[in-house]
Amino acid sequence: MRFAKAPLLALMAVAMASFAIAQGPAPASTSIIVPKMHCKGCAQTMATELYKVPGVGQVFVKLETTTMIVHAKDGQAPSPRGMWEAVERAGYQPTRLQGPGGVFTAKPKS
């Protein structure tokens, strides 16, 4: 039994496009570099503080690059300053914060 490749490929493309539309846009994310983050305990301490910032939806950690990725809740924008200060409250010093609010290498003013 032989199938025509073009119609099958077209059907697959439509199905994939429909799935992408149903998923909607990816949430806005902010990356925070924290050089002294070296273990899961450090990450958990900072994540606990980050979840207290209004608008923070999810926090992911990349220990190998000492980076925290913060995803905003739908339609919300966590304050860059609020996220920076959350890391400080946890006892750590961020060196870079990059997201929809801009790129910061010192504590943001807002």
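Below you will find a few notes about this structure. Within each chain, residues carry numbers counting from 1 in the order of the written sequence. Whole-chain, interface and lining totals are the exception, using all residues; otherwise, since this is a predicted model, local features are given only for residues with pLDDT of at least 70 and side-chain atom pairs are given and counted only at 80 or more. In computing side-chain values, all of the structure's heavy atoms are included and hydrogens and water are not.

Focus: the pattern of salt bridges
Consideration 1: The working definition used for a salt bridge is a side-chain nitrogen of Lys or Arg within 4 Å of a carboxyl oxygen of Asp or Glu. Under the definition given, this model contains 5 salt bridges.
Consideration 2: The partner of Lys52 in a salt bridge is Glu49, with the nearest N and O atoms 3.1 Å apart.
Consideration 3: According to the relative accessible area criterion, Lys52 is exposed, its value standing at 54%.
Consideration 4: The class of Glu49 is buried, set by a relative accessible area of 15%. Note on exposure labels: buried denotes an accessible area under 20% of the residue type's maximum, exposed denotes more than 50%, and partly exposed covers the range between, all computed with a 1.4 Å probe on protein chains only.

Looking at the sheet that holds strand 3 (residues 67–72)
Consideration 1: Pairing within the open sheet is antiparallel, and its 5 strands lie in the order 2-3-1-4-5. For this open sheet the edge positions go to strand 2 (56–62) and strand 5 (102–104), each flanked by a neighbour on one side alone. Neighbour-to-neighbour, the strand axes of the sheet open up by a mean angle of 15 degrees, direction not taken into account.
Consideration 2: Residues are treated as being in contact if the distance between any of their heavy atoms lies within 4.5 Å. Working convention: axes come from line fits to C-alpha atoms, limited for helices to the stretch in contact. Angles between N-to-C directions cover 0 to 180 degrees. Runs of E in the DSSP output that reach at least two residues are strands. Runs of H or I that reach at least four are helices, and both are numbered from the N terminus. Its contacts with the sheet put helix 2 (residues 40–50) on strand 1 (29–33), strand 2 and strand 3, and the angle it makes with strand 3 is roughly 25 degrees.
Consideration 3: Of the strands in this sheet, strand 1, strand 2, strand 3, strand 4 (96–99) and strand 5 touch helix 3 (residues 80–89), which is tilted by about 145 degrees from strand 4. A pair of strands is labelled paired if DSSP reports no fewer than 2 bridges between them.

Brief notes about the pairing of strand 1
Consideration 1: Side chains Thr30 and Ile32 project from strand 1 onto a buried face, and the interleaved Ser29, Ser31 and Ile33 project onto a face without burial.
Consideration 2: Relative to strand 3, strand 1 runs antiparallel, the two sharing 5 bridges. Note on strand 3: the bridge partner recorded for Ile33 is Thr67.
Consideration 3: Sheet topology places strand 1 next to strand 4; 3 bridges connect them, and they run antiparallel. Its bridge partner being in strand 4, Ser31 is matched across the sheet by Gln98.

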